[in-house]
Amino acid sequence: MSETIWFNRLNDYYSDKVGIEIRNQEELIDREIVLIEKSGLGQLAPVEAWTALGTNQQLAYATHGIFRYFGKFPPPIATYMISQYTSENDLVIDPMCGSGTTALEAGILKRRCVVNDLNPLSVLLSRVKTTKIDESLLVDKLEYFKSHYQPMSLEEYGFVPVALKDPDHWFLKETSDSLRGIKYLIEQEKNADLKDFLNVIFAATIRRVSRATTQQGRLFLDVATASEDAFPTFEKRYEIGMKGLAELPEMSDIEYYNVDLKDLNAFDHEGKAKLVILHPPYFNSYKYSSVNSLEMGWLGYDRNQYNKKEVKEFFKVGKPEKYERYVEDMSLALSNALNMLVPDGLLGLMIGDTIMKGEYIQVIKSLMEKLDLNQYEISKVAIRVPKYTEATWVASQRRNANNIGITLSDYIILIRKK
């Protein structure tokens, strides 16, 4: 029997426009049954269908909308898993935290949380989205920026985006001068939390004023979108971020790490978590250090230090046999994540299959076959069914003529430690 959960039932903080619909195996429609059959996952555990409820605008509550992150983990799914499988003060770990969805939802729901990501931009986002700052301080700082901002040439302030090939290809000269003027003011800030906030707002501005399209993750030129003066966009994003921080309730304890999950010794939280949430890059996806290369470059991060360590995604390679390398990488990351669970703890893995050259690749099933079933059991498989126009992997990468998501979907695999 289907169930719809509106999250104001869990906490008055939520709007009744945000929730999740859950349908059991008997309620799957024909298209979903076909997808489950193609994936081979129906043989592993009972199947459900999960649909996150809420438009993009509704899901941008609190600080979720502070930065547009492509391939974002849906807040309702994080909220459901945290509230369903943990209690207050339990520890939740997200070792590939991406945009910080898990950190924010765990903090709101009064769970202790540890988040990690190889990419320092992700760690910065997670920290800013979960750190309250006095509103009067934010108001005063915006007024200071409005009265002191001025564009700065390269001769006046010699900052050049780090590890960004041909910045003039992506930015008008006037835009670069404008961004340098903003960055100069940010670098003068002494308050660490406020400086982090300013950097995230700066990052949220960069793509919007560049010559790159804002409509998809990969970088393509869209010259018409470029803005010579970046400050009006910065000011608008600042006001959005300030409003989001004002909506934050008191948060629980959150720890932030910036290490490679595939390195077992780098992230020592063995046997500590009641719930681990893992949302990795998908096979035939794109590198997030490339997707966010404009932002990383202007923030001063050298993405070349990170992209070789990312999970091998083989975007555009077009060779189905390469999925074995991806599964090998992901198997190591998954094994390390599972080690973080307490006995009877649960890991929620959100991941997708792919089609290459007309061939359906059972990436997830191949990964699941590497599980040690003496230690772990697959307790549930949930097919994620997108609603509205949310920027899902299905909608952005998996088109078949006019039918979006007909041939593929992504899944949440629930794995329990025995």
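Predicted model only: the values in this text are computed from it and were never measured.

About the thresholds
Residues numbered from 1 in each chain as written. Predicted model: local features only at pLDDT ≥ 70, side-chain atom pairs only at ≥ 80, totals over all residues. Heavy atoms only, no water. Helix = DSSP H or I, 4+ residues; strand = E, 2+ residues; numbered from the N terminus. Contact = heavy atoms within 4.5 Å. Areas by Shrake-Rupley, 256 points an atom, 1.4 Å probe, with all protein chains shown as cover. Buried < 20%, exposed > 50% of the residue type's maximum accessible area, 1.4 Å probe, protein only. Lys, Arg positive; Asp, Glu negative; His and termini not counted. Salt bridge = Lys/Arg side-chain N within 4 Å of Asp/Glu carboxyl O. Polar contact = N/O pair within 3.5 Å; in protein donor to acceptor, adjacent residues only side chain to side chain. Pairing = 2+ DSSP bridges. Axes fitted to C-alpha atoms, helices over the stretch in contact; angles between N-to-C directions. Parallel < 35°, antiparallel > 145°, perpendicular 65-115°, else oblique. Left-handed = near helix turned anticlockwise from the far one by under 90°. Nonpolar A, V, L, I, M, F, W, Y, C, P; charged D, E, K, R; others polar. Core = buried A, V, L, I, M, F, W, Y, C linked by side-chain atoms within 4.5 Å. Phe/Tyr/Trp six-rings, centres within 6.5 Å; stacked < 30°, edge-to-face > 60°. Lys NZ or Arg CZ within 6 Å of the ring centre and 35° of its normal. Disulfide = S-S within 2.5 Å.

K.L.:
Any details on the overall build of the chain? Residues and values, ideally.
P.N.:
Secondary structure summary: the chain contains 14 helices and 14 strands in total. Contacts in the chain between residues far apart in sequence, at least 24 positions, make up 78% of those at least 6 positions apart. Surface exposure of the chain reaches about 17,800 Å², of which carbon and sulfur atoms provide 46%.

K.L.:
So, the side chain of Lys 365: which residues are in play, and what are the values?
P.N.:
Relative to the assigned elements, Lys 365 resides in helix α13 (residues 363-368). Put simply, Lys 365 is tucked away with no salt bridge, and the nearest opposite charge, on Glu 369, sits 4.5 Å away. A polar side-chain atom of Lys 365 sits 3.5 Å from a polar atom in the side chain of Gln 43.

K.L.:
Hey, could you go over the sheet that holds strand β8 (residues 341-352) for me, with residue numbers and the actual values?
P.N.:
In spatial order, the strands read β1-β2-β3-β11-β14-β8-β7-β4-β5-β6; together these ten strands make up an open sheet with mixed pairing. Every interior strand has two partners, whereas the edge strands, β1 (3-6) and β6 (254-257), have only one. Averaged over neighbouring strand pairs, the angle between their axes works out to 20° when direction is ignored. Bridge count between β8 and strand β14 (residues 410-417): seven bridges; the pairing is antiparallel. Considered in β14, the bridge of Leu 347 is made with Ile 415. Strands in contact with helix α2 (residues 75-85) are β1, β2 (19-24), β3 (47-53), β7 (273-278), β8, β11 (376-384) and β14; relative to β7, the strand with the most contacts, it is inclined by about 165°.

K.L.:
A description of the packing of α2 against helix α3 (residues 101-108) should follow, citing residues and the corresponding values.
P.N.:
Relative orientation of the contacting elements α2 and α3 amounts to 45°, with a least axis distance of 9 Å. The angle between the axes of α2 and α3 places the two elements in the oblique class. In the crossing of α2 with α3, the sense of the turn from one axis to the other is right-handed. Of the residues in α3, those in contact with Pro 75, Ala 78, Thr 79 and Ile 82 of α2 are Thr 101, Thr 102, Glu 105 and Ala 106. Of the residues that constitute the contact of α2 with α3, the class distribution is four nonpolar, three polar and one charged.

K.L.:
Quick one: what's the story with the environment of Cys 97, residue by residue and with numbers?
P.N.:
Mapping Cys 97 onto the fold places it in the loop between β4 (91-94) and α3. Counting along the chain gives 25 residues from Cys 97 to Lys 72, while the straight-line C-alpha distance between them is 9.7 Å. Here Cys 97 is in contact with Val 115, Asn 116, Asp 117, Ser 122 and Ser 126, once residues within four sequence places are set aside.

K.L.:
Residue-level account of the packing of helix α4 (residues 120-129) against helix α8 (residues 192-209), with values.
P.N.:
Relative orientation of the contacting elements α4 and α8 amounts to 120°, with a least axis distance of 9 Å. Between α4 and α8, the angle is such that the two are oblique. Note on packing geometry: the crossing formed by α4 with α8 is left-handed. Only Asp 196, Phe 197, Asn 199 and Val 200 of α8 make contact with α4, whose side of the interface consists of Leu 124, Leu 125, Arg 127 and Val 128. Of the residues that constitute the contact of α4 with α8, the class distribution is five nonpolar, one polar and two charged.

K.L.:
Describe the nonpolar core, and please don't skip the residues or the numbers.
P.N.:
If you look at the biggest cluster of nonpolar residues, it comprises 129 residues, and the most contacted ones within it are Trp 50, Met 81, Phe 197, Leu 347, Met 368, Tyr 411 and Ile 413. Sorting elements by how many residues they give to this core places α8 first, with ten residues. Among residues more than four places away in sequence, those in contact with Leu 347 are Val 276, Leu 278, Leu 334, Ala 337, Leu 338, Leu 341, Ile 413, Leu 414 and Ile 415.

K.L.:
Pulling in residues and values, what's your account of the packing of aromatic side chains?
P.N.:
Applying the stated criterion to the full structure yields 13 aromatic pairs. With a centroid separation of 4.6 Å and an interplanar angle of 15°, the aromatic rings of Tyr 149 and Phe 231 are classed as stacked. Pair noted here: Tyr 149 is in the loop between α5 (135-148) and α6 (167-170) and Phe 231 is in helix α9 (residues 231-246), with a separation of 82 residues, a long-range link. Here Tyr 149 matches Phe 231 in class, with each residue buried. Ring centres 5.7 Å apart and planes at 55° place the aromatic pair Phe 283 and Tyr 326 in the tilted group. Taken as a pair, Phe 283 in the loop between β7 and α10 (288-291) and Tyr 326 in helix α12 (residues 323-338) lie far apart in primary sequence, 43 residues in all. In this pair, the class of Phe 283 matches that of Tyr 326, namely buried. An aromatic cluster of at least three residues, connected via ring pairs, comprises Tyr 144, Phe 145, Tyr 149, Phe 197, Phe 231, Phe 234 and Tyr 238. The ring centre of Tyr 144 lies 4.9 Å from the NZ or CZ of Lys 141, which sits over that ring.

K.L.:
So what about the state of the cysteines? Which residues, and what values?
P.N.:
Inspection of every chain in the model, using the stated rule, returns zero disulfides. Distance from the sulfur of Cys 97, which forms no disulfide, to the nearest cysteine sulfur (Cys 113) is 8.8 Å. On the accessibility criterion, Cys 113 (1% relative accessible area) is buried.

K.L.:
So what about the pairing of β3? Which residues, and what values?
P.N.:
Here β3 lies mainly inside the structure; seven of its seven residues are buried. Residues Val 47, Ala 49, Thr 51 and Leu 53 line one face of β3 and the alternating positions Glu 48, Trp 50 and Ala 52 line the opposite face, and both faces are buried. For β2 and β3, the ladder comprises six bridges, and the chain directions are antiparallel. Bridge pairing in β3 places Gly 19 opposite Leu 53. As defined by bridge partners, β3 adjoins β11 across four bridges and the pair is classed as parallel. For Ala 49, the partnering residue across the bridge sits in β11 and is Ile 383.

K.L.:
Quick rundown of α3? Include the residues and the values.
P.N.:
The periodicity of an α-helix, 3.6 residues per turn, causes residues three or four positions apart to be oriented the same way. With respect to burial, α3 is a largely interior element, eight of its eight residues being buried. Every buried residue of α3 is listed here: Thr 101, Thr 102, Ala 103, Leu 104, Glu 105, Ala 106, Gly 107 and Ile 108. Lining the buried residues of α3 we find α2, β4, β5 (112-116), α4, β6 and β7. Positive phi shows up at Lys 110, right after α3, with a value of about 65°.

Honestly, that's just the spatial picture; any functional story needs more than this.
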